[in-house]
Amino acid sequence: MVRLKKKMRGLNPMNFVVLFFAGIINAIGVTVFLAPVHLYDSGFSGTSMLLWQLTPDCLSLSFFLIVLNVPFFLYGYKKQGLLFTVYSIFAVTIYSFASYLITYVLPIDVSIASPIAGTDLLLCAVFGGIISGVGSGLTIRFGGAIDGVEVMAVIFAKRLGLTVGNFVMIYNVILYIVVGAVMNSFILPLYSILTYCAAVKAVDFIVEGFDKAKSAMIITTHEEEISEALSEAFGHGITHIDAKGYYAGKEQTIIYFVVNRFQIAKMKDIISEIDEHAFVTISEVSDVMGSSIKSR
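Summarised in this report is the structure supplied together with it. Bear in mind that the values here come from a model prediction, so they are computed numbers and not experimental data. Residue positions are given per chain, counting from 1 as you read along its sequence in written order. At least 70 in pLDDT is required for a residue's local features to be given in this predicted model, at least 80 for side-chain atom pairs to be given and counted, and no such filter applies to totals for whole chains, interfaces and linings, which use all residues. Only hydrogens and water are set aside; all other atoms, that is, all heavy atoms of the structure, feed into the side-chain values.

Considerations on the overall build of the chain
When helices and strands are counted, the chain shows twelve helices and four strands. Here the radius of gyration uses the C-alpha set of atoms, whereas the globule reference equals 2.2 Å times the residue count to the power 0.38. For 296 residues, the compact-globule formula gives about 19 Å, and the C-alpha radius of gyration of the chain, at 21 Å, lands near that figure. With the principal axes as the frame, the chain shows a C-alpha extent of 70 × 40 × 35 Å. In this scheme, a residue with accessible area under 20% of its type's maximum is buried, one over 50% is exposed, and one in between is partly exposed, where area comes from a 1.4 Å probe on protein chains only. Within the chain, the proportion of its 296 residues that are buried is 47%. In what follows, residue pairs with any heavy atoms lying within 4.5 Å of each other are defined as contacts. Pairs at least 24 apart in sequence give 72% of the contacts found in the chain among residues at least 6 apart. Note that accessible areas follow from Shrake-Rupley with a 1.4 Å probe, and for residues the cover is restricted to the protein chains shown. With an accessible surface of roughly 15,200 Å², the chain has 65% of that area assigned to carbon and sulfur atoms. Under the convention used here, Asp and Glu are negative, Lys and Arg are positive, and both His and the chain ends fall outside the count. Each charge is placed at NZ for Lys, CZ for Arg, CG for Asp and CD for Glu. Charge centroids of the chain, computed over 20 positive and 22 negative side chains, lie 6 Å from each other. Starting at the N terminus, helices and strands are each numbered in turn, a helix being any DSSP run of H or I of at least four residues and a strand any DSSP run of E of at least two.

In structure tokens:
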């Protein structure tokens, strides 16, 4: 309980402010540009849009966003950490609530055409993807995720020998094939692929890399405790590099550790709990060959 309270104190109010606007931005991209012309977002958001169209009117887009996303955020709590889970559930809740307001409450007609781009599929696909991608990117940058399929990818991708990005891509390809089969036309799914590409580029711009690993170099005098905690939390192999400080001439150890972007916040939390004076640098890794997963 004490440890839980300590972690809860790590929640940043500014993150919630940004995540609030990120959820609204995502909702605008989906409900103002995509849904009116029956284009589809990616991941669970796109799946929610499809289920919304196939089920009775009492089951809204907002309902499916909560039902599909929240269970995966809760399931990924142990692997992703408390802060990530809280931020993600908050963001998707705002996204869901804003989608409901735009669709059913606000004086905006989004029933048959986009109030901004009309029925132009290309404009709706591109700008809907960019806007929703900005919302997703902001969510990721400030500690969460707005789509549970990425959490599912983090949990299951390596078990299937895939990267997180490839897992998400395969999921979306299957989704668009299903949409085409259900709608008996592949025109809208093909435009939806443009939406996906535009969203990915927007996420790239916001968080600097869609599926790039991050390498961390940790300089600390508590190398054994930190290494044990990181290994236990992530199941990764860890490399120790002997080093010597220039000014003090003191022998030190550098811990080299590779994580994905979702794990950075949790890694920082673990390090600061053990050694608040540790010096940490985080860099992008353009490619990874081989596996550092610890054999059990």
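Here's the deal with the side chain of Ser-99
Along the chain, the position of Ser-99 falls in helix α6 (residues 82-105). Taking the relative accessible area as the measure of exposure, Ser-99 reaches 1% and is therefore buried. Those residues in contact with Ser-99, other than ones at most four positions away along the chain, are Ala-27, Thr-31, Leu-61, Ser-62 and Leu-65.

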